[in-house]
Each structure stands twice: as structure tokens, then as C-alpha cells.
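The primary structure of each chain is shown beneath.
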Amino acid sequence: MGTDYSIAVIGAGEDLPRRLKAVGYCVYRFENRDALARFSGREFLDLIVDAEKAVAILPGGAALPLSPPPEKAIAGAILRLPVTEEFSPELALTYLNGNYRVYGNILKRYLKAYGNLEETLLGYLAGEEFPAIGAVIHKIKGVSLNIGSRKLYRFCGFLEERIAKKPNAEDFDIFIRFHRRIIEHCKEQGEKCLQTQKI
């Protein structure tokens, strides 16, 4: 498990966000739930930490106690995140009639095309080349279900809408961290496809 996760921290001082950033998480601090509700990318945050209630809230609303040390409790909460929403080989195989060979090829092509997406996006963002960003995001959206990620599909749709307006850097920070995990899933599943006897 890595630290490529985006976490909202509600109602904490500076200490908890600072400690989580030191671990390597991407942390967004909000004074209260209303401030979080106004954050455009909130549905793509991986975890919400309510410091006042001392709980970590998973997508779907399950609350886990935030016992000391919080870094350990948050790492435990991340292990309980629903991976199938993020990446589901079964979803991809339904679109591909169960063909592992085709699935393996799609993953291989995805890695080749988007393995350096972070660098590409950061370059486009620096130059405010929003049409180019939109074109890349649209292409990723087109293959997202074939690699097995509903969340990637939804996230790309969200970014397309944001690009039509003026996107903010936070939306792309969350996406880049999420996409790093997608790349790791593609590598792992691609290896499994190579090893399987199913065709």
C-alpha cells in the first residue's frame, strides 16, 4: 500500500494535516463539513477524516475510529477502501467477453500510452493548455471501462466538465494520485494476464 491517496481533514488544527503530509498523503484541510461540501472534487477524495469526531469515513459512509497514532489508523482505513470501484478486472472482462488475451493487450497499450501521464498533464497545466488536457482526458475516459475502472470513467467525466470551465489545481492533484494507483493496478493485472492460461 502506498501513500497516493487524497484525504480531507475536517476540523483539525495544523498538526494532523502536517503529520499526514509528512507520511506522503495529499491532504486537504477544511474548517467544517460545509467547507468540504463546497469543494468541487470531494467525491473523488479517498478518505475523510473528521478530527472532532475522531473517525475516518470511507466512501459509502462507514466510519472507523481514529485511534492513536492517527497515521496508523488512517493506513488501516485505506486498506479497507473498496478496490473494485477503483479497478475491477471482472468489469473489464464483461466488456471484453471474458477474453484475457485482449484484456492483457489493452492493459499493455494503456501503460504504454499513459504510463507518463503525470508528466504530460503537469506540462499541459503549466502552459494552461486546457484543450490538450481535455483531449487526453477524453481518450482515457474512452478506455477506462475496458481497463476496469468505473471511478476513472467518472473522474474523467468530471474533469471534462471542469475543463470546460476553469479547472483548479486540486482536481488534477487528486486525479494524478489516483492515476498512479491505476497504473500500478494495470501493471499487476497485466502480469496476471500473461501468466493465466485463459484465452
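I will try to describe carefully the structure that is included in this document.

## With respect to the pattern of salt bridges
Okay, so step 1: With the rule as written, the count across this model stands at 17 salt bridges.
Okay, so step 2: Linking Arg 18 and Asp 15 is a salt bridge whose minimum nitrogen-to-oxygen distance equals 2.4 Å. Linking Arg 18 with Asp 15, this pair stays in helix H1 (residues 15-23), spanning three residues, or about one helical turn.
Okay, so step 3: Under the relative-accessibility criterion, Arg 18 is labelled exposed at 51%.
Okay, so step 4: The salt bridge involving Lys 151 is made with Asp 46; its shortest N-O contact spans 3.1 Å. Taken together, the positions of Lys 151 in helix H9 (residues 150-164) and Asp 46 in the loop between helix H2 (33-37) and strand S3 (47-50) put the pair 105 residues apart, joining distant regions of the chain. Residues Lys 151 and Asp 46 agree in their burial class; the two are buried.

## Brief notes about the packing of helix H6 (residues 100-114) against helix H10 (residues 169-195)
Okay, so step 1: Where H6 contacts H10, the axes come no closer than 9 Å and their chain directions differ by 140 degrees. For the pair H6 and H10, the sense of crossing is left-handed. For the pair H6 and H10, the contacting residues are Tyr 100, Tyr 103, Gly 104, Leu 107, Tyr 110, Leu 111 and Tyr 114 in the first and His 179, Ile 182, Ile 183, Cys 186, Lys 187, Gln 189, Gly 190 and Cys 193 in the second.

## A few points about the packing of helix H7 (residues 117-126) against helix H8 (residues 130-147)
Okay, so step 1: Across the interface, H7 lies against H8 with an axial gap of 8 Å and an inter-helix angle of 150 degrees. Taken together, the axes of H7 and H8 lie roughly antiparallel to each other. Between H7 and H8 the crossing geometry is left-handed. Judged by residue contacts, Leu 117, Leu 121, Tyr 124 and Leu 125 of H7 engage Phe 130, Ala 132, Ile 133, Val 136 and Ile 140 from H8.
Okay, so step 2: For the contact of H7 with H8, the residue count by class is nine nonpolar, no polar and no charged.

About the thresholds
- Residues numbered from 1 in each chain as written.
- Predicted model: local features only at pLDDT ≥ 70, side-chain atom pairs only at ≥ 80, totals over all residues.
- Heavy atoms only, no water.
- Salt bridge = Lys/Arg side-chain N within 4 Å of Asp/Glu carboxyl O.
- Helix = DSSP H or I, 4+ residues; strand = E, 2+ residues; numbered from the N terminus.
- Buried < 20%, exposed > 50% of the residue type's maximum accessible area, 1.4 Å probe, protein only.
- Axes fitted to C-alpha atoms, helices over the stretch in contact; angles between N-to-C directions.
- Left-handed = near helix turned anticlockwise from the far one by under 90°.
- Contact = heavy atoms within 4.5 Å.
- Parallel < 35°, antiparallel > 145°, perpendicular 65-115°, else oblique.
- Nonpolar A, V, L, I, M, F, W, Y, C, P; charged D, E, K, R; others polar.

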